[in-house]
Amino acid sequence: MPIDVFMTQLSPTMTEGKIARWLKKEGDELVSGEVLVEIETDKATMEVEVVEEGTLHKIIAAEGALIPVGAAIAVIAEDDEEVADDYMPEGIAESAPAEAAPVLASADVVENIVAASAASTSDDEHELNLKPAGLFNADGEYDVVVIGAGPGGYVAAIRAAQLGFKVACIESTHLGGICLNWGCIPTKALLRTAEIINVIQHSGDELGLGITKAKPDLVKAVARSRKISAKLNGGIGFLFKKNKIDHIEGFATFEADNKLMVKDADGNSKQVTAKHVIVATGARARAFPGMDVDNKIIITYKQALAPTSLPKRLVVIGSGAIGMEFAYFYNAMGSEVTVIEAAANVLPLEDTEISKVVDRSFKKNGIKIITGAMVSSAKNIDGKAVVEYTVKDKAQSIEGDVCLVAVGVIGNTDAIGAENTAMKVERNQIEVDDYYRTDHQGVYAIGDVVGAPALAHVASHEGIVCVEAINGENPHPVDYGNVPGCTYCQPQVGSCGKTEQQCKDEGLNIKVGRMAYGTNGKAMGLAETEGMVKTIFDAETGELLGAHIVGAEATELIVSLQLARTLETTEAELAHHMFPHPTLSEMIHESVLDSDGKAIHI
C-alpha cells in the first residue's frame, strides 16, 4: 500500500504550515532519519525527518504551498511496490483535476485540500478579522502607492517592489519620517553622548581614565545627530532607486470618486492613480488642553532634538520613553531636570519593579521625579515655562526655562481627505483589519495612524504584512502581545509580554525569577552594575509570559527573550540552554533558574 505523508502539527498552536524546501525529489530512496522536507510554521522553520522508508513516489504540495495540518503533502512507495501514476491520497483524488501534474501549483494544492479535507482545515480567511478586499482604482498607473515614507511607509514600498509591484511613495518632507529624522535615530545619537558623560563622571576614576568631569558641547552633539539622520535619509533614497520606486514629493489627499491628489511645494496638484493605496502618514506630538505649545518655551520632541542653547531648568511632562530619554540627555548635559508624571510610577507601561529601578537611578543623578501629578496647564509666561499641576488635590506650580511636552502622539489623519472615503476614523486612528484593510476597498493603513503601540518596528512589520496580503499571500498577523518595548536612557529598559501585575490581574498562576546586575562579572567589568533581569513563567506549563530587563544593553538583551516567546520556548528549555561566559546574557539564565529556586549565583 502507498504511504501517504501528511502535514504534521509541529507546535501546539500550529494549524497550517508552508512547504519551505523539499530535501528529497521524486524517485529518491528514503532512509529513516534523513530530512525529507523543511516546514515553515507560524513559529519557526522545522525539519521533518523520514519515518517510513521507501521511494518518494509523488510530491503533492509544491514549495511555497500553505497546507493545513492533517492534509497530504506526499506519497511514498514501499520497496518494490508499483504505485499508479495517478494515485492520490483518499479525499484528494476526487477533487484534483485529471490533468494535474505530479507537483501542483501551490494555489491549486490549497484549494483542492481545503475542498476535500474540511475537517482538518484551518483557513485563515475564516479565522482572521478581515474587511472586504478590492481595488482603489482598477486602471491605476501604479500597483501600490504608499502615502508617507516613515519606517512603515518606506518598508512597505520596498517590500511591494520586491514582490514585483510598480510602486510610488508620496512624501512631502523627508524620507525616513519622524523616526529617522526627528525621533529614534537622532535621539540615540544624543543619548550616546549622555551615556559617555555619565561613565566619565561616575566611573572615570575607577576605570583609570584620569578624568571625572566631562565638558559637554551641545552644538557638536546635536550636529553629530543631524549628520547621522542625513546619512540615513540618503540611504533610503538609494534604496528607492535600487528598487525602482518613484518618490513623489508633495502632500497627498483623497478626493471624491476615488481620486488621490498630490500637491507639491508650489501648490500645483496632480492625480496619482493606484490599484492599492497604503496610508502611512505617521503621527505628531500630542498636547492636552492647557498645554500651550509654542515651539520656543513650551516645546515638543522636535525642538528638544535640535536646541540652540542648553536650558538651565527643564520641565518634562510625561515619563514615557520619549520623556525619560530627553530627561536623561539634558541632565547629563547639565540642565536641572524635573519630570512630572500623572501615573503612580515613571515608565507606567513597564513592570513596576523595573520602573522603580529607573526612578531611583534618575533621582540619584539629580533628576527630580513627581508622580501622581495631573498637569492643568503649561504656558509661556514672560519668557518662562510655568507648569501648574495637582498632587493629592493640592495645587502646585513649577517654573523652568523650557517645558517639554511628552505625553504621547496623535495620528496624522486630519489632512488626508479621509472624509472623502469610506475609511472609519476615530480619535485620529484609522480602523483596520488584521491585514490593514480599511472600510474603503483598495485603501490600507499602517503605523501610528492605526493606533498604539506607536513604534517604528511595529509600523515596519505592519507594512510587510499589509503588502504580502495584497500580493495574495497569507502572512501571519502581527503579534501585538509580543512587541518589544525599549527605552534607551541609562539604565536602559527592554521588555516583552505581560508584566507581573497583568498576570495577577488575569488570575494566572506564575513563577517569577530575578537576577541583579550587581553580581554579574561582565556588568562589573563594564562598571554598569545597576539593574536586573526579571522573567515570568506560567507555573503549570512553563510558558514564558513576560520578560523585563533594566540595565546596561537591556534593549539588545531583550531580543533573545522575545524570540524565545515567539518560538514558544519553555522555562525548562531556557534553563537547559548553555549561555556564554562572561556575558550579560548569563543573567537571563540565572533569572530563569531563580524562578524554580535553582539559581547558582544568588
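This text goes with the structure placed above it.
Reading the values: rules and limits
Residue indices follow the written sequence of each chain, beginning from 1 at its first position. Residue-level local features of this predicted model are given only where pLDDT is at least 70; pairs of side-chain atoms are given and counted only at 80 or more, and the full residue set underlies all totals for whole chains, interfaces and linings. The side-chain quantities take in all heavy atoms of the structure and omit both hydrogens and water. Counting from the N terminus, the helices are DSSP H or I runs at least four residues long and the strands are E runs at least two residues long. Using C-alpha atoms as the atom set, the radius of gyration is obtained and then compared with a globule rule of 2.2 Å times the number of residues to the power 0.38. Buried means the residue's accessible area, taken with a 1.4 Å probe over protein chains only, is under 20% of the maximum for its type, while exposed means over 50%, and partly exposed covers the values in between. Here, residues are in contact when the closest pair of their heavy atoms is within 4.5 Å. Only the protein chains shown count as cover for residues, and all accessible areas are computed by the Shrake-Rupley method using a 1.4 Å probe. Think of a salt bridge as a Lys or Arg side-chain nitrogen and an Asp or Glu carboxyl oxygen that are within 4 Å of each other. Two aromatic rings from Phe, Tyr or Trp, using only the six-membered ring of Trp, form a pair when their centres are within 6.5 Å; if the ring planes differ by under 30 degrees the pair is stacked, by over 60 it is edge-to-face, and anything between is tilted. Grouping into patches uses exposed residues only, defined as over 30% relative accessible area, and leaves out salt-bridged ones; the cut-off is 9 Å for like charges and 5 Å for nonpolar side chains (Val, Leu, Ile, Met, Phe, Trp, Tyr). Neither His nor the chain ends contribute to the count of charged residues, in which Lys and Arg are positive and Asp and Glu negative. For this purpose, a charge sits on NZ of Lys, CZ of Arg, CG of Asp or CD of Glu. Only the contacting stretch of a helix is used when fitting its axis, a line to C-alpha atoms as for every element, and angles between N-to-C directions run 0 to 180 degrees. Crossings are sorted by hand: turned counterclockwise from the far helix by less than a right angle, the near helix makes the crossing left-handed, and turned clockwise it makes it right-handed. Under the scheme applied, nonpolar residues are Ala, Val, Leu, Ile, Met, Phe, Trp, Tyr, Cys and Pro; charged residues are Asp, Glu, Lys and Arg; polar residues are all the others, including Gly. Site definitions follow a grid-based scheme: protein atoms alone, a 1 Å grid, a 1.4 Å probe that fits but cannot get out for cavities, and for pockets an open set with protein on both sides within 12 Å along at least five of seven lines, plus lining residues having an atom within 4 Å of a point. Grid points are joined across faces, edges and corners, and a volume is the space filled by probe spheres set on the points. When DSSP finds at least two bridges between two strands, those strands are taken to pair.

### Details of the overall build of the protein chain
Okay, so step 1: Each helix and strand counted, the protein chain has 15 helices and 33 strands in total.
Okay, so step 2: Over its C-alpha trace the protein chain gives a radius of gyration of 28 Å, about what one expects of a compact globule, namely 25 Å for 602 residues.
Okay, so step 3: Its C-alpha atoms put the protein chain at 90 × 70 × 45 Å along the principal axes.
Okay, so step 4: Every one of the 602 residues in the protein chain was classed for burial, and the buried ones make up 51%.
Okay, so step 5: Within the protein chain, counting contacts between residues at least 6 apart in sequence, those at least 24 apart form 64% of the total.
Okay, so step 6: Within the structure as shown, the protein chain displays about 28,200 Å² of accessible surface, and the carbon and sulfur contribution to it stands at 51%.

### Considerations on the environment of Val409
Okay, so step 1: Relative to the helices and strands, Val409 is located in strand 25 (residues 409-411).
Okay, so step 2: Here the alpha-carbon distance between Val409 and Ala285, two residues 124 residues apart in the chain, equals 4.4 Å.
Okay, so step 3: Discounting residues that sit within four places of it in the chain, Val409 has contacts with Ala283, Arg284, Ala285, Arg286 and Ala454.

### Description of the pattern of salt bridges
Okay, so step 1: Under the counting rule described, the total for this entry stands at 27 salt bridges.
Okay, so step 2: Put simply, Lys24 and Glu34 hold a salt bridge, and the shortest N to O gap is 2.9 Å. Residue Lys24 is found in the loop between strand 2 (16-22) and strand 3 (29-30), and its partner Glu34 is found in the loop between strand 3 and strand 4 (35-40); the two are separated by 10 residues along the sequence.
Okay, so step 3: Its relative accessible area of 28% is what places Glu34 among the partly exposed residues.
Okay, so step 4: Salt-bridge contacts for Lys534 lead to Glu353; the nearest nitrogen and oxygen are separated by 2.6 Å. With Lys534 in strand 32 (residues 532-538) and Glu353 in helix 9 (residues 352-364), the pair connects residues that are 181 residues apart, well separated along the chain.
Okay, so step 5: With relative accessibility at 0%, the residue Lys534 sits in the buried group.
Okay, so step 6: Residue classification places Glu353 among the partly exposed residues on the basis of a relative accessible area of 28%.
Okay, so step 7: Put simply, Asp351, Glu353, Glu500, Lys504, Arg514 and Lys534 are held in one network by salt bridges that share partners.

### Looking at the packing of aromatic side chains
Okay, so step 1: Overall, the coordinates contain four aromatic pairs when judged by the stated rule.
Okay, so step 2: Plain terms: the ring middles of Phe326 and Tyr330 are 6.5 Å apart, the flat faces sit at 45° to each other, and that makes the pair tilted. In this pair, Phe326 and Tyr330 are both assigned in helix 8 (residues 321-333), four residues apart and thus about one turn of the helix distant.
Okay, so step 3: You can call Phe326 buried: its relative accessible area is 5%.
Okay, so step 4: Here the aromatic residues Phe326, Phe329 and Tyr330 are joined through ring pairs into a cluster of three or more.

### Brief notes about a negative patch on the surface
Okay, so step 1: On the surface, a cluster of negative charge is made up of Glu29, Glu52, Glu53, Glu78, Asp79, Asp80 and Glu82.
Okay, so step 2: According to the relative accessible area criterion, Asp79 is exposed, its value standing at 58%.

### Details of the packing of helix 5 (residues 184-203) against helix 6 (residues 218-242)
Okay, so step 1: For the pair helix 5 and helix 6, interaxial distance at closest approach is 8 Å and the crossing angle is 145°. The chirality of how helix 5 crosses helix 6 is right-handed. Across the interface between the two elements, Ile185, Pro186, Ala189, Leu190, Arg192 and Thr193 from helix 5 touch Ala221, Val222, Arg224, Ser225, Arg226, Ile228, Ser229 and Leu232 from helix 6.
Okay, so step 2: Partitioned by chemical class, the residues of the contact of helix 5 with helix 6 number eight nonpolar, three polar and three charged.

### Brief notes about empty space enclosed by the protein
Okay, so step 1: By the definition in use, this model includes two cavities of 30 Å³ or more.
Okay, so step 2: When its volume is computed, the largest cavity comes out at roughly 50 Å³.
Okay, so step 3: For the largest cavity, the full set of lining residues is Ala285, Arg286, Thr300, Tyr301, Ile322, Leu404, Val405, Ala406, Val407 and Gly408.
Okay, so step 4: Each residue belonging to the lining of the largest cavity can be placed in one class, and the counts come to seven nonpolar, two polar and one charged.

### Here's the deal with the environment of Lys242
Okay, so step 1: Examined against the element boundaries, Lys242 turns out to sit in helix 6.
Okay, so step 2: Sequence separation between Lys242 and Ala161 is 81 residues; the distance between their C-alpha atoms is 9.8 Å.

### Quick word on the sheet that holds strand 24 (residues 402-405)
Okay, so step 1: Pairing is parallel in the open sheet, where five strands are placed in the order 17-24-18-19-20. Of all strands in the sheet, those with a lone pairing partner are strand 17 (298-299) and strand 20 (368-370), marking the two edges.
Okay, so step 2: With two bridges joining them, strand 17 and strand 24 adopt parallel strand pairing. Looking at strand 24, one finds that Ile299 is bridged to Leu404.
Okay, so step 3: Against the sheet, helix 8 engages strand 18 (313-317), strand 19 (336-340) and strand 24, with an angle of about 165° to strand 19.

### Things to note about the sheet that holds strand 33 (residues 544-551)
Okay, so step 1: Spatial ordering of the open sheet is given by 29-30-33-32-31, a layout of five strands whose pairing is antiparallel. The two strands at the open ends of the sheet, each matched to only one other strand, are strand 29 (485-487) and strand 31 (510-516). Sheet twist, expressed as the average angle between the axes of neighbouring strands with direction ignored, equals 10°.
Okay, so step 2: Of the strand pairs in this sheet, strand 29 and strand 30 (residues 492-497) are connected by three bridges, and their pairing is antiparallel. The residue of strand 30 that forms the bridge with Thr487 is Val493.
Okay, so step 3: Contacting strand 30, strand 31, strand 32 and strand 33, helix 9 runs over the sheet at an angle of about 5° to strand 33.

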